[in-house]
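Observations on the three-dimensional arrangement
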Amino acid sequence: MSRLSSSSSTGSREENLTVGCGGEILINGKGSDKTPLMNEMSQSGIYSTVSSAILESDHSDDEDDGEGEYIENIGDGNKVYLIIPSKKEQRKHVAWYRGESAMLIYGGIFLLAVGLIFGYATPIPNDLKEKNMEIGRLSNVLGGIYFIAWSLSFYPQIYLNYRLKSTVGMSYDYQLYNIIGFTCYSLFNCMFFFSPIVQQTYRDHHGGKNNQVQASDVFFSVHALVLTIVTCIQIIMYERGTQKISLFCWIVSGLSVTIAVLFVILCAAYGKSIFTWLNFYELIADIKLVVTVIKYIPQVYMNYKRKKTVGMNIHNFLLDLVGGLFSTTQLCMDAGLTNDWSAVTGDIAKFGLGSTAIVYDIIIIIQHYIIYRGAS
């Protein structure tokens, strides 16, 4: 987050812009309006790895005072100096990295502990118990880890938005896609878990096999939908800058809702041929899958366009990656153990959600920690 403050003194005007924690830039130039200068610097990435930019007018006497190393003349009498960060700033920078590392380590231990508790506290499904008791227990542990990882993944972004009172840097397309996707996913899981009619219809079409939707899937999808709605409310309440939802996102979302509603009407009116309720639930699972495939693209593109990830909480995507890895592993392991791969094809929403999340999360994590590391 940038913090801009200004103070007046005799013959000079000073503006302070906090942009990172690696050092400072001293900009020596003339003229009273420095906004175009700051915009130019922001676009060119001059202060992508420094802690503050100090803009002064008529400060030419200090050009050779040894306080900083002259690094670039950007025109209009404006010259840029690199100021070495103080030891206090360096200690803060090191403390941040240590804090980040500790958070990741403790977070990993916490997820493992919760997974073990979940695995031994919940009953093993009968079809897994009959095949291999220990593998069934491992499946429960994996389920516990992905369940808590995915469930917690929404909170870091909500907290960051609240702390900054801003949603700039977070893709709004991503949030609208999440609303559509998690609405479909919640309907799919609730009907397959609670409705005896849907469960029996599924068995009739899959050789007597049960679907693999579990209570944790139901809780996660409903919980995710509620938190996504909270995030969208924050978009309305807090600073948005110039960001808005793209036309393409509105079109995709509108088409998804229209197709689902028309299918419901046809199911209610005819209830035969392809217009059956089972096909409707598979349709909304497909909508969820399509939305999942494209929902990460706006955030990836926004990071690329801005050349930074500020405003986007990376812990959201770290937890999402953990959830995707363990969810996909659990689903494939269960299918292999029971020799029933229809569990994967019959729960394509869960499989697609996990496998697609893995790919995009890795891209976003690389953007944050490698490509745009230190950009503010």
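Everything numeric here is computed off the predicted structure, so don't read it as measured data.

Scanning the chain from N- to C-terminus turns up 14 helices and six strands. The buried share among the 376 residues of the chain stands at 45%. When the accessible surface of the chain is totalled, it reaches about 19400 Å², and 63% of it is carbon and sulfur.

On to the nonpolar core. Soluble, globular proteins show a tendency: their nonpolar side chains are buried together. Among the nonpolar cores identified, the biggest contains 24 residues, and Tyr 177, Phe 188, Phe 192, Phe 280, Tyr 281, Ile 284 and Ile 287 are the most heavily contacted of them. Taken together, the elements giving at least two residues each to this core come down to α6 (172–194), α7 (196–205), α9 (247–269) and α10 (277–295). If you tally residues by element for this core, the top one is α10, at nine residues. When sequence neighbours within four positions are dropped, the list of residues in contact with Tyr 177 reads Phe 248, Cys 249, Val 252, Ser 253, Val 291, Ile 294, Lys 295 and Pro 298.

For α10, spanning 19 residues, the distance from its first C-alpha to its last is 27 Å, which sits close to the expected 27 Å at 1.5 Å a residue. Listed in full, the buried residues belonging to α10 are Leu 278, Phe 280, Tyr 281, Leu 283, Ile 284, Ala 285, Ile 287, Lys 288, Val 291, Thr 292, Ile 294 and Lys 295.

Not every positive phi belongs to a glycine, and Lys 165 is a case in point at roughly 55°. Among the structural elements, Lys 165 can be located in the loop between α5 (155–164) and α6.

Here the focus is the state of the cysteines. Within the structure shown, the criterion is met by zero disulfides. You can see Cys 232 has no disulfide; the closest cysteine sulfur is in Cys 249, sitting 9.9 Å from it. The exposure class assigned to Cys 232 is partly exposed, which follows from its relative accessible area of 22%.

Counting all residues, the mean pLDDT for the chain is 74, and 67% of those residues have values of 70 or more. Summarising per-element confidence for the chain, the mean pLDDT is lowest in strand β1 (residues 4–9) (36) and highest in helix α11 (residues 297–306) (94). Contacts of residues 1–76 to residues separated by more than four positions or lying in other chains number 157 contacts, the stretch itself having pLDDT below 50. Segment residues 78–84: pLDDT under 50, and 41 contacts once partners within four positions in sequence are set aside and those in other chains are kept.

With that settled, the discussion passes to the packing of α9 against α10. Look at α9 against α10: their axes get within 10 Å of each other, and the N-to-C directions meet at 175°. One finds that α9 runs roughly antiparallel with respect to α10. Residues Val 252, Ser 256, Ile 259, Ala 260, Phe 263, Val 264, Cys 267 and Ala 268 of α9 pack against Trp 277, Asn 279, Phe 280, Leu 283, Ile 287 and Ile 294 of α10. Among the residues making up the contact of α9 with α10, the classes are represented as 12 nonpolar, two polar and no charged.

Here we take up empty space enclosed by the protein. A full pass over the atoms with the stated rule returns two cavities of 30 Å³ or more. Space inside the largest cavity adds up to approximately 140 Å³. Considering the residues around the largest cavity, the lining is formed by 16 residues, among which Ser 153, Phe 154, Tyr 174, Asn 178 and Asn 316 are closest to the centre. If one sorts the elements of the lining of the largest cavity by residue count, α6 sits on top with four residues.

This part is about the packing of aromatic side chains. How two aromatic rings sit relative to each other is given by the distance of their centres and the angle of their planes. Within the structure shown, the criterion is met by 18 aromatic pairs. Taken together, a centroid distance of 5.1 Å and an interplanar angle of 25° make the contact between Trp 150 and Phe 220 stacked. With Trp 150 in helix α4 (residues 133–152) and Phe 220 in helix α8 (residues 215–237), this pair connects stretches of sequence that are 70 residues apart. Looking at Trp 150, the relative accessible area reads 1%, which means it is buried. A relative accessible area of 3% means that Phe 220 is categorised as buried.

By the element assignment, Ser 256 lies in helix α9. The exposure class of Ser 256 is buried, given its relative accessible area of 12%. What Ser 256 contacts, discounting residues up to four positions off in sequence, is Ile 180 and Ile 287.

Moving on, we get to the environment of Met 237. Considering the arrangement of structural elements, one finds Met 237 in helix α8. With 71 residues separating them along the chain, Met 237 and Ser 166 place their C-alpha atoms 8.5 Å apart.

This paragraph deals with the packing of α6 against α7. Interhelical geometry of α6 versus α7 gives an angle of 85° and a closest axis separation of 5 Å. By the angle class used here, α6 and α7 are roughly perpendicular. On the side of α6, the interface is formed by Met 191, Phe 192, Phe 193 and Phe 194, while α7 contributes Pro 196, Val 198, Gln 199 and Tyr 202. When its residues are assigned to classes, the contact of α6 with α7 shows seven nonpolar, one polar and no charged.

We now examine the environment of Ile 314. With respect to the helices, strands and loops of the structure, Ile 314 is situated in helix α12 (residues 314–338). Classification of Ile 314 by relative accessible area gives buried; the value is 4%. Distance from Ile 314 to Ile 364, taken between C-alpha atoms, is 8.1 Å for residues 50 residues apart in sequence.

Cut-off values and rules
- Residues numbered from 1 in each chain as written.
- Predicted model: local features only at pLDDT ≥ 70, side-chain atom pairs only at ≥ 80, totals over all residues.
- Heavy atoms only, no water.
- Helix = DSSP H or I, 4+ residues; strand = E, 2+ residues; numbered from the N terminus.
- Buried < 20%, exposed > 50% of the residue type's maximum accessible area, 1.4 Å probe, protein only.
- Areas by Shrake-Rupley, 256 points an atom, 1.4 Å probe, with all protein chains shown as cover.
- Core = buried A, V, L, I, M, F, W, Y, C linked by side-chain atoms within 4.5 Å.
- Contact = heavy atoms within 4.5 Å.
- Expected span 1.5 Å × (residues − 1).
- Disulfide = S-S within 2.5 Å.
- pLDDT = per-residue confidence, 0-100.
- Axes fitted to C-alpha atoms, helices over the stretch in contact; angles between N-to-C directions.
- Parallel < 35°, antiparallel > 145°, perpendicular 65-115°, else oblique.
- Nonpolar A, V, L, I, M, F, W, Y, C, P; charged D, E, K, R; others polar.
- 1 Å grid on protein atoms, 1.4 Å probe; cavity = no way out; pocket = protein on both sides within 12 Å on 5 of 7 lines; lining within 4 Å.
- Points joined across faces, edges and corners; volume = space filled by probe spheres on them.
- Phe/Tyr/Trp six-rings, centres within 6.5 Å; stacked < 30°, edge-to-face > 60°.

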